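The chain contents come next:
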Amino acid sequence: MTHSPFASRTALVTGATSGLGLELARRLVDGGATVIVHAVDQGSGDAALEQLVKGGAEPLRLRLLTADFSHLDEVAALAGELVRTQPGLDLLVNNAAIRGPERRTRTLNGNEITFQVNYLAPYVLTKALAPALAAARGRVVNVSSSMHKAGAIGWSDLDRKKGYYLPLPVYAQSKLALTIFSRTFAEVYSGSVTFISVDPGNIETAMLPFYGHVGRPAAEVAAEVARLCDPATELVTGAHYVRLEPAAPAALVDNPSIRARLARFTARLTDID
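Residues numbered from 1 in each chain as written. Predicted model: local features only at pLDDT ≥ 70, side-chain atom pairs only at ≥ 80, totals over all residues. Heavy atoms only, no water.

**Considering the packing of helix 3 (residues 72-85) against helix 4 (residues 113-135)**
For the pair helix 3 and helix 4, interaxial distance at closest approach is 9 Å and the crossing angle is 25 degrees. Between helix 3 and helix 4, the interaxial angle falls into the category roughly parallel. You can see that helix 3 and helix 4 cross each other, and the crossing is right-handed. Between helix 3 and helix 4, the contacting residues are Leu 72, Val 75, Leu 78, Ala 79, Leu 82 and Val 83 on the first element and Gln 116, Leu 120, Ala 121, Val 124, Leu 125, Ala 128 and Leu 129 on the second. Partitioning the contact of helix 3 with helix 4 into residue classes produces twelve nonpolar, one polar and no charged. (Axes fitted to C-alpha atoms, helices over the stretch in contact; angles between N-to-C directions. Helix = DSSP H or I, 4+ residues; strand = E, 2+ residues; numbered from the N terminus. Parallel < 35°, antiparallel > 145°, perpendicular 65-115°, else oblique. Left-handed = near helix turned anticlockwise from the far one by under 90°. Contact = heavy atoms within 4.5 Å. Nonpolar A, V, L, I, M, F, W, Y, C, P; charged D, E, K, R; others polar.)

In structure tokens:
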């Protein structure tokens with residue numbers, strides 16, 4: 001009998017149209033899950049679903065939802081749709097991310113775009129879906145990066161207007177915030193939702209030249225991340241993982257005053273109390 005670790009479970013994977021997100025969605029649906037595939041737009045989402053079905057995925061266990069994370073109203077609308085239609089959610093994988101652009105870029109919400117897409121959007125989505133995750137005693141896996149250790153939060157200067165702008169620092173900043181948020185939410189929802197961040201290592205995707213030269217195939221990395229998603233795998237909530245093992249995150253993650261400051265800062269930027 002085939003082992004189906006995710007049977008009768010529902011998962012949302014953001015940024016699931018290519019790379020790690022697509023391969024993880026494939027793993028989860030092959031393992032028995034119903035997978036909500038997030039795409040930035042309908043075209044890329046339809047192409048991803050077609051690719052998954054051609055690869056053997058059961059169409060009835062795939063659902064597509066779209067939202068451009070550079071527009072927080074679209075993130076809120078996606079979350080609202082799920083809250084209305086999905087009373088319980090077993091797994092949320094915040095995988096969607098962009099590299100820092102070559103030039104300073106702000107969204108219509110007024111935020112540095114990398115910070116919004118890689119951190120503020122997952123924050124809004126996760127906060128809205130927390131009741132559904134708690135109802136299922138679910139888990140949240142935030143895909144971080146080793147680069148978060150080089151990050152610093154520019155509290156009054158997220159897009160580095162006061163200095164020389166480079167893409168790497170704003171990317172590292174966004175991943176640091178995501179890693180801090182994982183620890184904070186683990187405390188807030190202790191006992192009801194498991195939160196972790198994970199550095200999956202370098203992956204052979206379009207972003208690889210941005211942060212490395214050699215990476216593993218996305219399917220290989222997805223197999224590891226799927227193990228962290230498996231309810232049979234015991235996790236240390238609030239921990240940062242490097243591949244499959246807990247590891248020390250950046251020192252700022254362990255700082256309660258920094259976590260509290262980021263929570264207040266984020267609430268202002270997202271208009272969430």
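**What about the pairing of strand 1 (residues 10-13)?**
In strand 1, alternate side chains face the same way, and those of Thr 10 and Leu 12 on one face and Ala 11 and Val 13 on the other are all buried. Sheet topology places strand 1 next to strand 2 (residues 34-39); four bridges connect them, and they run parallel. For Thr 10, the partnering residue across the bridge sits in strand 2 and is Thr 34. Read from strand 1 through helix 1 (residues 19-30) to strand 2, the crossover connection turns out right-handed. Bridge analysis of strand 1 against strand 4 (residues 91-94) gives three bridges, and the strand direction is parallel. Bridging from a neighbouring strand, Ala 11 pairs with Leu 91 of strand 4. (Buried < 20%, exposed > 50% of the residue type's maximum accessible area, 1.4 Å probe, protein only. Pairing = 2+ DSSP bridges. Right-handed = clockwise from strand over helix to strand, strands pointing away.)

**Comments concerning the nonpolar core**
One finds Leu 12, Phe 69, Leu 89, Phe 115, Tyr 119 and Leu 125 to be the most contacted residues of the largest nonpolar core, which totals 44 residues. Considering every element that reaches this core, the biggest residue donor is helix 4, with 13 residues. Look past the residues within four positions of Tyr 119 in its chain and what remains in contact with it is Thr 114, Ser 174, Ala 177, Leu 178, Phe 181, Leu 262 and Thr 266. Of all hydrophobic cores here, the second largest spans 37 residues; its members include Ala 25, Leu 91, Val 93 and Ile 203. (Core = buried A, V, L, I, M, F, W, Y, C linked by side-chain atoms within 4.5 Å.)

**Some points on the pattern of salt bridges**
Within this structure, the stated rule accounts for twelve salt bridges. Here Arg 99 and Glu 102 are joined by a salt bridge, their closest N and O atoms 2.5 Å apart. In this structure Arg 99 comes out as partly exposed when scored by relative accessible area, which is 32%. The network of salt bridges with shared partners includes Arg 216, Glu 220, Glu 224 and Arg 243. (Salt bridge = Lys/Arg side-chain N within 4 Å of Asp/Glu carboxyl O.)

**Focus: the packing of helix 4 against helix 5 (residues 167-188)**
For the pair helix 4 and helix 5, interaxial distance at closest approach is 7 Å and the crossing angle is 20 degrees. Overall, the two elements helix 4 and helix 5 adopt an arrangement that is roughly parallel. Crossing hand, helix 4 versus helix 5: right-handed. For the pair formed by helix 4 and helix 5, the contact residues are Thr 114, Phe 115, Asn 118, Tyr 119, Pro 122, Tyr 123, Thr 126 and Lys 127 on the first element and Val 170, Tyr 171, Gln 173, Ser 174, Lys 175, Ala 177, Leu 178, Phe 181 and Phe 185 on the second. Among the residues forming the contact of helix 4 with helix 5, the class breakdown is ten nonpolar, five polar and two charged.

**Thoughts on the layout of surface pockets**
Approximately 170 Å³ is the volume attributed to the second largest pocket. Lining the second largest pocket are 15 residues; nearest its centre among them are Arg 9, Asp 90, Arg 137, Arg 139 and Pro 231. (1 Å grid on protein atoms, 1.4 Å probe; cavity = no way out; pocket = protein on both sides within 12 Å on 5 of 7 lines; lining within 4 Å. Points joined across faces, edges and corners; volume = space filled by probe spheres on them.)

**Brief notes about unusual backbone geometry**
Its identity as a non-glycine residue notwithstanding, Ser 8 has a phi of 65 degrees, on the positive side. Along the chain, the position of Ser 8 falls in the segment before strand 1. Accessibility expressed as a relative area gives 76% for Ser 8, which makes it exposed. Positive phi values are uncommon outside glycine, yet Arg 137 reaches one of about 50 degrees. Relative to the helices and strands, Arg 137 is located in the loop between helix 4 and strand 5 (139-143). What makes Arg 137 exposed here is its relative accessible area of 61%.

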